[in-house]
Amino acid sequence: MFSKEESKRLRQEFWISFGKSFPRKWILYQTKIKDCSFKFHFDVHTAMVSIDIETQDLEKRIELWEKFSALQNILKTEYLPEVIFEEILVLENGKEISRIFVRKENVSIHNKKTWQETMVFLKDNMSLLEAFFEEYKDMLQD
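These numbers come from a predicted model, not from an experiment.

Calculation rules
Residues numbered from 1 in each chain as written. Predicted model: local features only at pLDDT ≥ 70, side-chain atom pairs only at ≥ 80, totals over all residues. Heavy atoms only, no water. Buried < 20%, exposed > 50% of the residue type's maximum accessible area, 1.4 Å probe, protein only. Helix = DSSP H or I, 4+ residues; strand = E, 2+ residues; numbered from the N terminus. Pairing = 2+ DSSP bridges. Expected span 1.5 Å × (residues − 1). Arc of directions from axis to C-beta. Contact = heavy atoms within 4.5 Å. Phe/Tyr/Trp six-rings, centres within 6.5 Å; stacked < 30°, edge-to-face > 60°. Lys NZ or Arg CZ within 6 Å of the ring centre and 35° of its normal.

Colleague: What is the right way to read the pairing of strand β1 (residues 36-42) from this model?
Modeller: Strand residues, when the strand is regular, have side chains that alternate between the two faces of the sheet. Counting buried positions along β1 yields five of seven residues, so the element is predominantly enclosed. Where β1 and strand β2 (residues 46-53) come together, seven bridges link them in antiparallel fashion. Directly across from F40, in β2, lies its bridge partner V49. What sits between the antiparallel neighbours β1 and β2 is a turn of three residues.

What follows is the structure, given as structure tokens:
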């Protein structure tokens, strides 16, 4: 069991190490699509890269979700076969979003032995998500 301070230190150490290992500018919040962002996630159980659609305007979220859904087959066959589309996801804070993601199980930010494989997973899968987005952003941004 780790204290909050130890856990915070490990998280900081991981993300600093990740940034140094793979120094590049990721798209993340620079999608040019309001309330649509790319995210990295790593906790004590899983690692994940995702595209989150977080707008509170349900109509706009559905419209953007439908655009991504229309490209689902391409994303799965040409980029990320393991991708998961979750149209309605309620976050811990009660906010409802839509998420497209891939995740890696059985890794922990508290276990440095899993860090290298997690970094490679995050880098490889975010690179593929970004490549997909770059190829189809004109369709998604309309």
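Next comes the rest of the write-up.
Colleague: Teacher, can you tell me more about helix α1 (residues 4-21) here?
Modeller: Three- or four-residue spacings in an α-helix give side chains the same orientation, since the helix completes a turn every 3.6 residues. Between its first and last C-alpha, α1 extends 25 Å over 18 residues, near the 26 Å set by a 1.5 Å rise per residue. Where α1 is concerned, the buried positions are S7, L10, F14 and F18. Taken down its axis, α1 places every buried residue within 65° of arc, on the same side. Residues of α1 that are exposed and point more than 90 degrees away from the buried face comprise E5, I16 and K20. Packing partners of the buried residues in α1 comprise β1 and α4 (115-141).

Colleague: Before we go on, may I ask you to explain the packing of aromatic side chains in this structure?
Modeller: To describe a pair of aromatic rings, one takes the distance between the centres and the angle between the planes. Under the defined criterion, the tally for this structure stands at 14 aromatic pairs. Consider the rings of F18 and F40, whose centres lie 5.2 Å apart with planes at 70°: the pair is edge-to-face. Residue F18 is found in helix α1, and its partner F40 is found in strand β1; the two are separated by 22 residues along the sequence. You can call F18 buried: its relative accessible area is 4%. Pairing F38 with F133 gives two aromatic rings, centres 5.2 Å apart and planes at 80°, and the pair type is edge-to-face. With F38 in strand β1 and F133 in helix α4, this pair connects stretches of sequence that are 95 residues apart. F133 carries the same exposure label as F38, and that label is buried. The structure contains a cluster of three or more aromatic residues connected by ring pairs, namely F14, W15, F18, F22, W26, F40, F42 and W115. In this arrangement the basic side chain of R24 is found over the ring face of W26, its NZ or CZ atom lying 3.9 Å from the centre.

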